[in-house]
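Chain and residue survey
Given next are the chains, with one letter for each unit.
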Amino acid sequence: MRIITGRAASGKTARILAEIAAACVEPGSRQLLIVPELFSHEYERRLAKATGNRGARSAEVLSFSRLALRVFAEAGGLAETVLTPAGRLLTLREALSRVRTQLDVCKSALEQPEMLRELLTMVDELKTCRVQPEELFRAAGDGKKEDETLSRKLRELAVVYTAYDRLCAESLPDPRDRLTLLADRLPASGVLQNARVYIDCFASFTPQEMEVIRVMVENGVDLTVAVLCDLKEKEVFVSGCKTVARLRKMASRRGLPCEIVPCGESRIEKPADLSVIEREALLPLSRTYPSDEDSVRIFEAASPFGECEHAAAYIRKTVRETGARWRDFAVVARSMDGYAAPLQMAM
């Protein structure tokens, strides 16, 4: 296993694409680049450019979901037809109605659509984290003496979760189970046989995705993972450094070498103020720097709507006067909960 580390724009993706392009000329070689679903089209374009449009026969871009479909087509497993979002809500409501006599807290979800959606979100989280109903029952029993109310809620959630899974087994499968079944079916599949697998562009990995990676490692897949982090600043890149530690632990358990390939600092030239913020914003203040008085501007507003209105006006003005494109801008907030509606109105 190889782990390529580095800050944003430090050359991790460029290194991977260059390796794939070089391997494409080797007869019989196969390369798979796994990226998030949202970025698959962009990476297909970048891969085509890197290989000079000659890599289609031996290299391709997949997401974990598309990899799952490949494996299921060969090894069997989850049907391609799965529950739709509306179908999942209806299935959960039917599960609630079947076990309503065992419920107290969760019973109100039958009459309150918003609570039903919240309950489905909990089921999603449980499936993504590979938590089984039996674990919830066990946690409910263990915590009964300390917090009886929490214990009762966990038990009811486990009851609903169990009923929902049974209904899915009787009708159509839940799409959230795809990656769990992928990890189970992958060893019986030849999809990754003799292939070099690269994983890139993930901010972090869910427990389901980490389980798929673990199965790849245990089955001897030639694996390279790009992780956004700087191992010298673990207090800043907490998530990335934890991911690196988990990947190294996977390799050590199998007795495999794990090579760390650092790409270092960002290679994009940035204005002075932005460079300082990128490098030191999350660290304790050590010194002051002279400002370029242009790349960072501070605007204080009385409300989130005032902030959004100012940002929207600045974006429209810049597009109108400089010919910039809408895709050149990004609006970032710590949490979009309080900004989604103001942004819609302002834009």
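Below you will find a few notes about this structure.

Reading the values: the criteria
Residues numbered from 1 in each chain as written. Predicted model: local features only at pLDDT ≥ 70, side-chain atom pairs only at ≥ 80, totals over all residues. Heavy atoms only, no water. Axes fitted to C-alpha atoms, helices over the stretch in contact; angles between N-to-C directions. Helix = DSSP H or I, 4+ residues; strand = E, 2+ residues; numbered from the N terminus. Parallel < 35°, antiparallel > 145°, perpendicular 65-115°, else oblique. Contact = heavy atoms within 4.5 Å. Nonpolar A, V, L, I, M, F, W, Y, C, P; charged D, E, K, R; others polar. Core = buried A, V, L, I, M, F, W, Y, C linked by side-chain atoms within 4.5 Å. Buried < 20%, exposed > 50% of the residue type's maximum accessible area, 1.4 Å probe, protein only. Pairing = 2+ DSSP bridges. Right-handed = clockwise from strand over helix to strand, strands pointing away. Phe/Tyr/Trp six-rings, centres within 6.5 Å; stacked < 30°, edge-to-face > 60°. Salt bridge = Lys/Arg side-chain N within 4 Å of Asp/Glu carboxyl O.

1. As for the packing of helix 4 (residues 85-98) against helix 5 (residues 113-128)
How two helices pack is summed up by the angle between their axes together with the distance between the axes. Where helix 4 meets helix 5, the closest approach of the two axes is 10 Å, and the angle between their N-to-C directions is 100 degrees. Regarding the angle of helix 4 to helix 5, the classification is roughly perpendicular. Along the contact surface, helix 4 presents Arg88, Leu89, Leu92, Arg93 and Leu96, while helix 5 presents Leu116, Arg117, Leu119, Leu120 and Asp124. The class makeup of the residues in the contact of helix 4 with helix 5 is six nonpolar, no polar and four charged.

2. Here's the deal with the nonpolar core
In terms of nonpolar packing, the biggest core is built from 37 residues, with Ile199, Ile213 and Met216 touching the most fellow members. Sequence-distant contacts of Ile213, defined by excluding residues within four places in its chain, comprise Phe64, Ile199, Phe205, Leu223, Leu247 and Met250. Counting residues in each nonpolar core, the second largest holds 24 residues, with Ala109, Leu116, Ala158 and Leu167 among its members.

3. Structural notes on the pairing of strand 4 (residues 196-199)
Looking along a regular strand, one sees the side chains alternate between the two faces of the sheet. Relative to strand 4, strand 2 (residues 31-34) runs parallel, the two being bridged by four bridges. The partner of Leu33 across the bridge, within strand 4, is Tyr198. This β-α-β element, strand 4 to helix 9 (residues 207-218) to strand 5 (residues 222-228), shows right-handed connectivity.

4. Some words on the sheet that holds strand 2
With parallel pairing, the six strands of this open sheet are ordered in space as 3-2-4-5-1-6. Because the sheet does not close on itself, it has two edges, and the strands there are strand 3 (59-62) and strand 6 (259-262). In this sheet, adjacent strand axes meet at a mean angle of 20 degrees when their direction is disregarded. Examined bridge by bridge, strand 4 and strand 5 share four bridges and lie parallel to one another. Residue pairing in the sheet places Val197 in a bridge with Leu223 of strand 5. The strands touched by helix 9 are strand 2, strand 4 and strand 5; relative to strand 5, the strand with the most contacts, the crossing angle is about 145 degrees. Its contacts with the sheet place helix 10 (residues 238-253) against strand 1 (2-6), strand 5 and strand 6, and it is angled at close to 160 degrees to strand 5.

5. Regarding unusual backbone geometry
Even without being a glycine, Asn194 presents a positive backbone phi close to 60 degrees. Backbone geometry at Glu293 places phi at a positive 60 degrees, although glycine is not the residue there. By secondary structure assignment, the location of Glu293 is in the loop between helix 11 (272-280) and helix 12 (304-322). Judged by relative accessible area, Glu293 falls into the exposed class, the value being 73%.

6. Quick notes on the packing of aromatic side chains
By the definition in use, this model includes two aromatic pairs. Among the aromatic residues, those joined into a ring-pair cluster are Phe64, Phe202 and Phe205.

7. Points about the pattern of salt bridges
Applying the stated criterion across every chain, the model contains 22 salt bridges. Note that Arg70 is salt-bridged to Glu60, the shortest N-O span being 2.6 Å. Placement of Arg70 in helix 3 (residues 64-75) and of Glu60 in strand 3 is noted, with a sequence separation of 10 residues between them. Look at Arg70 and you get partly exposed, because its relative accessible area is 37%. On the basis of relative accessible area, Glu60 is assigned to the partly exposed category, the value being 26%. Between Arg176 and Asp124 there is a salt bridge; the shortest N-O distance is 3.5 Å.

8. Focus on the pairing of strand 3
Relative to strand 3, strand 2 runs parallel, the two sharing four bridges. Bridge pairing in strand 3 links Gln31 to Ala59. Where the polypeptide runs from strand 2 across helix 2 (residues 40-50) and back to strand 3, its parallel neighbour, the crossover connection is right-handed.

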